[in-house]
Structures are given as C-alpha cells and as structure tokens.
Amino acid sequence: MDAPEEPQPPVIYTMENKPIVTCAGDQNLFTSIYPMLSQQLPREPMEWRRSYGRAPKMIHLESNFVQFKEELLPKEGNKALLTFPFLHIYWTECCDTEVYKATVKDDLTKWQNVLKAHSSVDWLIVVVENDAKKKNKTNILPRTSIVDKIRNDFCNKQSDRCVVLSDPLKDSSRTQESWNAFLTKLRTLLLMSFTKNLGKFEDDMRTLREKRTEPGWSFCEYFMVQEELAFVFEMLQQFEDALVQYDELDALFSQYVVNFGAGDGANWLTFFCQPVKSWNGLILRKPIDMEKRELIQRQEATLLDLRSYLFSRQCTLLLFLQRPWEVAQRALELLHSCVQELKLLEVSVPPGALDCWVFLSCLEVLQRIEGCCDRAQIDSNIAHTVGLWSYATEKLKSLGYLCGLVSEKGPNSEDLNRTVDLLAGLGAERPETANTAQSPYKKLKEALSSVEAFEKHYLDLSHATIEMYTSIGRIRSAKFVGKDLAEFYMKKKSPQKAELYLQGALKNYLAEGWALPITHTRKQLAECQKHLGQIENYLQTSSLLASDCHLADEERKYFCQEILHFASQQADSPGHKIVLPMHSFAQLKSLHFNPSNAVVHVGGVLSVEITLWSQMPVPIHVEQIAINVHFSIEKNNYRKTAEWLTKHKTSNGIINFPHEPASFPASQNNLPALELYEMFERSPSDNSLNTTGIICKNVHMLLRRQESNSSLEMPSGVTLEDGAHMLKCSSVTLEPGANKVLFRTQAKEPGSYTLRQLCASVGALWFVLPHVYPIVQYDVYSQEPQLHVEPLTDSLLAGIPQKVKFTVTTGHYTVKNGDSLQLSNAEAMLILCPAENRAVIYSNTREKSSDASLRIQSSGKVTSISLPAAPAYHLIEFELDVLSLPSTPAAGGGSNQPGLKEPRRSFPEKPAAGHCMVTTDHKVSIDCPWSIYSTVIALTFSVPFQTTHSLLSAGTRKYVQICVQNLSELDFELSDSHLVDTGGSADLQLVPLNTQSHQCIHSRQSVFFVWELKWTREPPPGLHCQFSVGFSPASEERLSISLQPYTYEFQVENFFTLYNVKAEILPPLGMEYCKTGSLCSLEVSITRLSDLLEVDKDEALTESDEYFTTKLMYEVVDNSSNWAVCGKSSGVLSMPVTAQATHRVHMEVMPLFAGHLPFPDVRLFKYLPHHSAHSSQLDADSWIENDNLSVDKHVDDAVDSSSIKSRGSVHSASSTEHRGLPMPRLQAFPPGQVFNSSTGMQVFVIPSKEDHVLEVSVT
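Small disclaimer: the values here were computed from a predicted structure and weren't measured.

Analysis parameters
Residues numbered from 1 in each chain as written. Predicted model: local features only at pLDDT ≥ 70, side-chain atom pairs only at ≥ 80, totals over all residues. Heavy atoms only, no water. Pairing = 2+ DSSP bridges. Helix = DSSP H or I, 4+ residues; strand = E, 2+ residues; numbered from the N terminus. Axes fitted to C-alpha atoms, helices over the stretch in contact; angles between N-to-C directions. Parallel < 35°, antiparallel > 145°, perpendicular 65-115°, else oblique. Contact = heavy atoms within 4.5 Å. Nonpolar A, V, L, I, M, F, W, Y, C, P; charged D, E, K, R; others polar. pLDDT = per-residue confidence, 0-100. Expected span 1.5 Å × (residues − 1). Buried < 20%, exposed > 50% of the residue type's maximum accessible area, 1.4 Å probe, protein only. Phe/Tyr/Trp six-rings, centres within 6.5 Å; stacked < 30°, edge-to-face > 60°. Salt bridge = Lys/Arg side-chain N within 4 Å of Asp/Glu carboxyl O. Core = buried A, V, L, I, M, F, W, Y, C linked by side-chain atoms within 4.5 Å. Patch = residues over 30% accessible without salt bridge, like charges linked within 9 Å, V, L, I, M, F, W, Y side chains within 5 Å. Areas by Shrake-Rupley, 256 points an atom, 1.4 Å probe, with all protein chains shown as cover.

**Notes on the sheet that holds strand β11 (residues 605-614)**
Judged by pairing direction, the sheet is antiparallel, and its 4 strands sit side by side in the order β13-β9-β11-β17 without closing on themselves. Both edges of this open sheet fall to β13 (654-656) and β17 (737-746), since each of them pairs with a single strand only. On average, adjacent strands in this sheet sit at an angle of 20° to one another, irrespective of strand direction. In terms of strand pairing, strand β9 (residues 586-594) meets β11 through 8 bridges, oriented antiparallel. When the bridges of β11 are listed, F593 appears paired with V608.

In structure tokens, the structure reads:
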C-alpha cells in the first residue's frame, strides 16, 4: 500500500479550523473516497443534544481528515481542543483471507493498541467493497466472512464500529444506501465524541475556575482554556455559544477589578498593572490578533492589551451574528469602563495616552461597522453610533487642549514634545490600514500636526456629532456638545459663534435644574456678552451671578461691582433706562398692611411695609423703590362699607410670597416626585441574591424634553409701567439679606388699589418685578353716616328698665359740638334719663379714641341726646335705659294707674298655644343732624308673664284662682297682689286666701293666687275683675324708679250654683258589698238650689200654674270602662225651678272589676226644644233616642258626645225615618252652675267567687 503525501499541518486559530479526524489503513483508498466524503458529510444537519438541560441545536458537521500519527494523539495535560482528534478511522478494502491474516489484521492490531495506550475509544473501521476485485479473485470468501472476522477480532461488544461501504465510486441505489448508512454513522460518532470530549473539557474548565481563590491561580491560563472552548464553538459555527464564553471572561475580569478597587485584590492582577507604553487602539480587522494573544499567554499583556483582544474577539463574533449595532454599544461601554479600570488598578498612563487610545478605538469601531453595512443602514442606526462620535470628539478636544493646539499663541516647545511622545506611543501603522486614506491612525496624526488641522478635524467631528444628535431628537446632548464647541470658539476669540451654543446649553441646564453647570455656563456667557458689547444682557447675567450662592464671594462681588460701575457711568447721562428683572437683584418676601385689613377711608393713612431679601453680596444704595398701583372703581364698590370690607380681608394683614429660585424655572416645581423602588435579582437555581439596586419607575416623566422658543436668560419683555398712582420710598440702602421698606399713602379717592409692579432704581438701572403675585390690593371707601340701635339682650322685657345700645357711625360726617339726636317719645315707652351717662368714641379699627359725658334732656314728646364731638370715620357708642308701658284699659277700668296688663277675657278661658311671650312693638322716630329725613326704629318688648284664671266651687261657695306663669329667663319677686271687682258691687266681697305678701317666681315657673267670693244678696249675673301684682327683678338691687304693677282683667258669667247632683251605688239585696258581675242599684239625685233667677229665663223655661219648670237632660257615662250601665243611661226630665226641688233617677250598673271603683260620671245639660211646628208631633223620648241629636257648640270639651250616640245604635231604623226633621239642642251649663257632690267618691267591689282570673282595678 503506497503511502500518500503527508498533508500540511492544520492552520490553528483561524476561521478555517475544522474538527480533526485521523485516517489509518489504506491511504490510497481514502484518497479516492475523500472528495465525495468531504462533499457529502456537511450536507445533512444533525441534532446536537448537550448536557445540563441546554437546548438542542442543529449543526452541519465538517472535518479535517489527516493521516493517523501517534504524535497527533493528545498527551496528558494538553488542553488544546483544536488539535484534538475527535475520531479515528481505519480504511481497508481487503477481501482476501490470506491477505487479511498476513497484513491487515496485524496493522489493525497495532492501530488499536496505540489508541488504547492513549485511552482513545472513538474509532471506526470502514470496509470498502469493490465488485471488480471480487470478479478477479475466485478464491475469496464472501464479503461477510472478512467483515465477520474483523468484528469478531476487534469489535466484540461494539459491532456497529465496523461498517461496510459498497462501491463508493459508483452511481447506484445500492451505493447510495451504503453512503447514507456510512455518513449517518460517521456523523453520530462525531457528535458523540464532541459531546463527550466537550463535556469533559467543560468540567475541567469549571474545576479550574473554582480554584480561582487558591494562591497561584492565573487568569491568563484560565483565559486560554475557556477561549479554547470558544474556538471549538466557533469551529462548529455556534457563534452565540462562543460569544457567551468571551462574555463570561469579560465579566469575571471586571469583577476582579472591582474587588481590587474595594481592597480585595488578586495576585495575578499585578501583571495587568504595568505602565501603559502603547496606545494604538483596538484592532478589529483581524479575526484573531495573534500578537496580543501571545502576550496574554505569556502573561505579559497590559490591561489595554487584554481589553483590546477580548473586545476584538467579541466584535468578530457579533459581526458573524449580524449584530453590528451591538458592537457600537459594547464599544462605548468598554471605552468608559477601561478608563475607570485604569484608575482602580492605579496603572501609570502618560498624559493624553488614554485619550489617543479612546479616539483611535472609536474611529476603528466606526470604520469596522461601516465596512460591513451600507449607507442606508448606517443612516437609520445613527442612535447606536452617535455616542462613539461624541466620545471621539471629546477626546480630540482634550488632546488639543493638552498639546496646546487651542491656545492663542499656539503650541510651545513643551507641547510639541508631548505631541511627539504621544505619536511615538502609537507605533507604526498596522499593515491592514496602511493603504487606507482615512484610517484612524492617519486622522489622529494629522490632527495633532498643526493648529489648522486640529481645528478642521475638531469642527468636522463636532458639527457631525451635533447633526447626528439633532436628527435623532437628542437635542439635550446636541447642546452639550455645542457648549464644548462654544468654549473652543471663546478660546479662538469668536464670541459671536459661541453665544448661541452657550445659550442652548444654559437653557437645558435651567430646564433640568443643574445648579453648578448653570453657574459655570453663565460665567462663560457673561464673558461672551461682554466681548460682544451686549450691555443689557451682560448686566442681567451679572446680576444673576452676583446673586449666585455657588460662586465664591470674590467672584460675586466682582459681578456686583460691574453692575454698580455701569450704574455710576450712566448717572452722568440721564434719560436712558435699562430695565432688568428683579428676581436676581432682590426677592419680595412678605408684605404687611397697616391697618391690617387693608381697608382705609377717604383721607385715612395707609402704610405698606414690604420685606425685600437682597441677594447682592454688598450693600446697595437704591435711589428709589416704587410700587405701581392700579386704581379701579368696580360697580357699587364705592358703596361698600367698612364692615363689609373687613369681613373679606385677611385678619393679620401679612401676605407671604412664595420663594422662586432665580436659577431654575417655575416648571421645575411641577415635576413629579421620584418613584424609587428596590430591585432584587436572584439566581434561578438556588434563589440566592445576585444583585440589588434601586430603580426609578417614572424616569420618563423626570427626563422629558422641555423646549421653549425663547431663551430663559432673555429679559423676556420686562417693561416699566407708568401709572398715576405710585407708592414711593427714596434713598434706601439694601443690606445683604432681609430689609424692611415702609411706604405711606393718604387715601384720596374711593375704590380698589391693586399692587402691580415693584421697581428699584440704581442709577439708570431699573430692577422690576413685573407682576406681584399673589394679587395684593387695598380698598378705600367713603361711607355715609349711620345710626344703629340694638338691644343688649336677646329680647327686651316689658315693665322693667332695659338697656339699648346706640351706635353712631360718623362716616364722612364730622360730629360737632351741639349736634344732637332728637327722639320722639312713644306714649307707652319711656326713655329714662340717668344722672350721668357716658359715650365712648372709637376709630374704625375699633381702637378706643376717647370718652365723653352724654347729656340727655327730655321735654314733652321729644328727648334730646347731645352727641360729643367726633371726627369723621369714627364710632360713637352709648347706652340708654328704656321702659315699656302698656296703654290704659279702654273699658271697665277701675284704676287710673297705667301698668302692664293683659286684655280682658271672658269665660270660657282656654290655654294659649305654646309658651311664647306676648310682644309689643314701639316705634321711635329719630332726627339726625346729618340728614333731613327722620330715622324710624322699632323696638319689640315681650311681656314676661302669662296669666290664666279659673272658677272653683264647693257647693254654693265660690272661689277664683289666678295662675301667673313666668315665661322669661329672669327671676322676679311678686308683691301686693290684689283682685278687685271693677263693677263696683257693694254686696260682693273678695276674700284673699294668700297669706304671703311677697313671693319669688323663678324662670319657667308658676304662682297661684286664690280669692273666695262672698255676697250678701243675690249674686250678680256676671263678675268683672281686675288682678294686679307688683313685680321687680329678683337679682337686681332696688331700682331708682318705681315700677308699675302687672294687671290682668277677666270676666266670669253665671257662676252661681243652680243644681246639685249626687249619685249613690247600693249593693244587691242581701249583700254587704258590690260584687263583680252582679247588678247594683245606681240612684242619682238632682236638686235645685235656688228659686227662679235671671239666668233661668231661656227658651227651655215653661210656666205652670204654681211654678216654673225647665227641661234637663242627664247622662251617665263611665269613660274608665269600670262599669256597664244597664238600660237607659240618659233621659230628659222636667225640673221645677224651685229651691230644694229634687228629681231622682234609678238605674242598674254592673261592676266589671274588683277594688275601689270611682263612680260613673253624671252629666247634666239644658234641653232646648227646636222652634218648629213639627216639634210638637214628637215626644221627648223619641228625640232622645234619635242618633242625630245635636249638641250645642258651646258644650264644654269635657262632654263626651260619643256616649250619647252610643245609645242609639239599636234604633238605626228610627233614626233613618226622622232624618230631615228638626233637631232639639243640648246646652251645657257654665262652670259653677252644676255641682257634683259625688265627684271623687269610690265604692268597694269584691270579686265574684266563680271567676278563675282575678282582675283588680287600682285607681
């Protein structure tokens, strides 16, 4: 068997790497099959299932087939997977037994012994069947004999490790099936070897990583091991898995650097702390930078070398994954993190070296991305690359300042030496970019070569970055780049170009509230405005800087002196005013009115004290501070009184103004509060805490773009108003901090005055607060004189002296000596004139001004009150005592003395509704000196007492009872009670039964008085009486005047007793007591007590031969339901009008309860026939039984007519027949004419023995 030519050793660490498969046996046979094998093997994908639950993937297998040599087998400790043979194949086409035994078997044995010596178990024996050779040899065994022998000799337990490939070079179905089986087997074995060897490699790698805390552990060695795994994944075209390996290495190294900064450093990190000597930037145009890889392998790489190599590998894989924009994102993060890592590791870096490295790296990344993307993709993804442009611009600017390319005189010798050193650290340009005209190396070298070249490159980069930021809507970032550009223009003495950029940056700082950048930018802007000669803008910026607490005192004083210097220069040329906002000069803190309600009358003095907080660092002499006031007369405003205005004003007169910092716009106050939340990230496997932090959930609200068309630093149209009404204060020195300024004004015209502007003039400079907010105003009123009269108590009581308060509001009228109030005296109300009375004079703010004696004169019908002299807009208050007297009774008056009385009443007396006092109104006409018209006032007095009377009888003896009820809240003392007959009858005598002459009656209580009526002859038909009693307040001392008594008149008609009714209940025969359920006898006796009187002469009276008779109706009623009346309970009787005439009525009653039962009620009425012709056709009984019997409306309320109607329920038919006939009438006797001597009597009733339930009535 001829040995083929040895293949070239495989190229390591390039993208052409493939898994190695060794081939032993017949090399010529393999050479003939290789073209078709290399073509067919990667055609079909295979599913690769990996351990640890990782998702399966479909991969296409390719292999690098090399001749088998023992040197290729891995030795112990070799971790290079790319040189590791994953499968060993032995090729043979032997079909002769003799040849097999002579050569092939021995060769196979040696091959397997070598594999076993190196513990390699991934092998395959391929027997190629050739039909042509079988025809030439007739003594060969069947094909299966050779295969069986090989399987028996070498594949005892792995018979599938020996496969047959039939006629591989023919084009037949049998050949195709044989190829398919062989390729499937080959792919399966390759995958099995990959899975096994990669798993073992990963386990070894994890073991090595877990030893990272042990001394002597080297990150570089571990880096090479894990990168070997990344190479294998890249070889299998699993770029995502390969990228994960580099990301893990990146994270591991970053964590060690962070720990080193925290004081927990590893020994191997000292290799990366070497001083930086080369800063040629990232190299991204090679798949693998072998130079830097060898430095890492030899542990000679610096931090920049490691980071550059690691990112170049990540970049290569990301580009294979078609994620170029992630390259830009990662590059920006890498560049920033490298700067911080160099600081943490305290690596020595020459000045400017890091700027060169970052600049070159930014341009290298951008050009690498441009090389794999078209222009349309780049333009649509500017948001991913603009950060690199901005960072490159920033670093080029730093290099320009460092190398003296921005200074006015250009670079000096030291700057040139520094430039040479920086260019030397770049080294020679790399071969892959040597032919590129715009390579990063050439751009940096050219930019540092001259001032003009630097300016060109820097301006190009800056304008390109601003344009990119603007195109994607990042205006804020564009203006920050513009601020750097403005600083460059200021260095180049081009302030007109710098101003626009400075204004834009300042606008963003103000909108976002960055205090220190605002101060710094304002300083630059002030310098720019000074060079441009913008006086007004410069003065405004200077005032802002002079009030800025973030500046040093010296700087603040400098800008303050700039303002004062300009003001002193302009003082020589008056007429030109410069108006500036006041918020930077001083702030209005508070305002205080005196009077506090900010209401003053015409001619009054109003003072306004303001508190100004001067923000200047030195005392400032202000020539004038003025408040512009807007005057307005609203509809009916001049009619507002001081009382009305006072109710609508603040009580203390102090108005505080909100603090608005000058450095920030008011919109900052409307931003929402931060919504911060804790964030925890836990491991999915063991739920352990990995990271924790704080996240802001409303960052989109806080970082919103806030644009405005006008600059926040412009004067924004502050104008100085000229008004007719100004409050001025001249020559004021404002000290730093709080200052109080007092304004005084005299009110001239009524109306509302609103404070509009606050102005302070310093020379030609006017600092103006354009709007005073919240709105502040004061009112001036003109008031007419007024007189107000009111009682000092809730209600005035009649009969006793009561105090009334007089209030004279002078208004615009001045009360002079001799002015008086003329009161017309009312007949029933007296104005008491004390010996001495005083009046108090108050100002409109209720401050006591003075007091004076009050002279009161009463003559006839007029009372004159002389007023003390008082100026306008003052109050005069004094008190008078008034006494209300009722008028004399018009008729029946037996006394000529006036007094408090109630109208005469006739019986029947009914209680008044409720317990309200009777009121009386008295009108008084008052003539005032300021008016030709009289003022009429009404005073309402309440009668404190309510009086009722009643007639009491005891047989023929009569008594009058008077009840006096006190309805007021005061206690009174009653004395000298009298009851007189106003009719003047000499035969009638009123005997008082009250023994006490003085009695106290408390509030809401009653007192009773009783008199007995005695007469010598026939009593009069009616009695006209007048009750009088003296009263005075119980709590007061003796009054200086005598009070009139309280009187009450009433009339009693027909009070003499005519009839005596007596009832008697007798038990049944043979029984001692009445028993429940048993009929008892009720005997009613009606006795006439007098002969014919005048009151008996009515239509019921009839005359007979011997005497007069009248018809009466009686009725027995038991409202308490104790008795059951059996038979007729009422009837009509004819009663002789003769003394001692008696009529007896017998009826039966049944007690319903046991105990002491009261007697049933016996009622007596006058029976009045109807004046009709038909009345004689009906007998009396039929009238009584008629259900429609009418009762006179004068019947007393105590009469229960329902008991009368109840008797006719059994005669409903007869009542229907008499419907429409004339009805008789019943008339109740007046109180006192009928005396029931059985009232209050009781009878004892015992229970029946048959009752099982005992009911006892207790009364």
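**Some details on the packing of helix α10 (residues 324-344) against helix α11 (residues 353-372)**
One way to put it is that α10 packs onto α11 with a least axis distance of 10 Å and a crossing angle of 170°. With respect to α11, the axis of α10 lies roughly antiparallel. Together, P324, W325, V327, A328, A331, L335, C338, V339 and L342 of α10 and L354, W357, V358, S361, C362, V365, I369 and C372 of α11 make up the contact between the two elements. Its residues placed into classes, the contact of α10 with α11 shows 16 nonpolar, 1 polar and no charged.

**What to know about the environment of L165**
Within the secondary structure, L165 is located in strand β7 (residues 162-166). Distance from L165 to Q176, taken between C-alpha atoms, is 9.6 Å for residues 11 residues apart in sequence. Residues in contact with L165, not counting those within four places in the same chain, are I33, W91, V126, V127, V128, E129, S178, W179 and F182.

**Re the confidence of the model for the protein chain**
Per-residue confidence for the protein chain gives a mean pLDDT of 81, with 85% of residues at or over 70. Overall, residues 662-669 carries pLDDT values under 50, and its contacts beyond four positions in sequence, including any with other chains, amount to 20 contacts. Note that pLDDT drops below 50 for residues 1172-1219; the model gives that stretch 65 contacts with residues more than four away or on any other chain.

**Re the pairing of β9**
As defined by bridge partners, β9 adjoins β13 across 3 bridges and the pair is classed as antiparallel. From the neighbouring strand, S590 faces β13, where its bridge partner is N656.

**Re the side chain of S1090**
Looking at the element boundaries, S1090 is found in the loop between β43 (1080-1088) and β44 (1101-1103). Apart from the residues lying within four places of it in its own chain, the contact partners of S1090 are F1056, L1058, T1138 and A1139.

**Side note on α11**
With 20 residues, α11 extends 29 Å from end C-alpha to end C-alpha; this agrees with the ideal 28 Å at 1.5 Å per step. Counted residue by residue, α11 has 16 buried out of 20 residues, so it is predominantly covered.

**Examining the packing of aromatic side chains**
Considering all chains together, one arrives at 49 aromatic pairs under this definition. Aromatic side chains W111 and W123 sit 6.3 Å apart centroid to centroid with 85° between the ring planes, which places their arrangement in the edge-to-face category. You can see W111 sitting in helix α2 (residues 97-117) and its partner W123 sitting in strand β6 (residues 123-129), a full 12 residues away along the chain. In this pair, the class of W111 matches that of W123, namely buried. Taking 6.1 Å as the distance between ring centres and 40° as the angle between the ring planes, the aromatic pair formed by F253 and W268 counts as tilted. Taken as a pair, F253 in helix α7 (residues 239-261) and W268 in the loop between α7 and α8 (290-297) lie far apart in primary sequence, 15 residues in all.

**Re the pattern of salt bridges**
Under the counting rule described, the total for this entry stands at 42 salt bridges. R209 is the partner of E248 in a salt bridge, and the nearest nitrogen-oxygen pair spans 3.7 Å. Note that E248 is positioned in helix α7 and R209 in helix α5 (residues 173-210), a separation of 39 residues in sequence. Judged by its relative accessible area of 24%, R209 falls in the partly exposed class.

**A word on helix α19 (residues 515-532)**
With 18 residues, α19 should reach 26 Å at 1.5 Å per residue; the first-to-last C-alpha distance of 26 Å fits that figure. Regarding α19, the residues found buried are I518, T519, T521, R522, Q524, L525, A526, C528 and Q529. At its buried positions, α19 is contacted by α17 (475-491), α18 (495-512), α20 (535-546) and α21 (553-570). The positive-phi residue at the C-terminal boundary of α19 is G533, with phi of around 75°.

**Observations concerning the environment of F1244**
Summarising the element assignment, F1244 is placed in strand β54 (residues 1242-1246). Along the primary structure F1244 and P1158 are separated by 86 residues, whereas in three dimensions their C-alpha atoms are 9.0 Å apart. Contact partners of F1244, with chain neighbours within four places excluded, come to Y1073, C1074, G1155 and H1156.

**Some points on unusual backbone geometry**
Backbone torsion omega between N594 and P595 reads 10°, so that peptide bond is classified as cis. Looking at the element boundaries, P595 is found in the loop between β9 and β10 (599-601). The omega torsion across Y773 and P774 is 5°, close enough to zero to call that bond cis. Tracing the sequence through the fold places P774 in the loop between β19 (765-769) and β20 (777-781). One non-glycine residue, Q237, lies in positive phi territory at about 65°. Structurally, Q237 is set in the loop between α6 (219-235) and α7. A positive phi angle, near 60°, is found at Q299, a position not held by glycine.

**Things to note about the nonpolar core**
Membership of the largest hydrophobic core comes to 147 residues, with the highest contact counts inside it found for L37, W91 and F182. Once you skip the residues sitting within four places of it in the chain, L37 turns out to touch F30, F65, W91, W179, F182, L183 and L186. Core analysis: the next-biggest nonpolar cluster, separate from the first, contains 52 residues, M582, F593, C729 and L734 among them.

**Quick word on the sheet that holds strand β1 (residues 20-25)**
Overall, parallel pairing links the 5 strands, which are arranged β4-β1-β5-β6-β7 in an open sheet. Of all strands in the sheet, those with a lone pairing partner are β4 (64-67) and β7, marking the two edges. Neighbour-to-neighbour, the strand axes of this sheet turn through a mean angle of 30°, independent of strand direction. Strand direction decides the pairing type here: β1 and strand β5 (residues 85-92), joined by 6 bridges, are parallel. Its bridge partner lying in β5, T22 is registered against H88.

**Looking at a nonpolar patch on the surface**
On the surface, L674, L676 and I694 cluster together into a nonpolar patch covering about 340 Å² of accessible area. Within the fold, L674 resides in the loop between β13 and β14 (676-682). Using a relative accessible area of 55% as the deciding quantity, one classes L674 as exposed.

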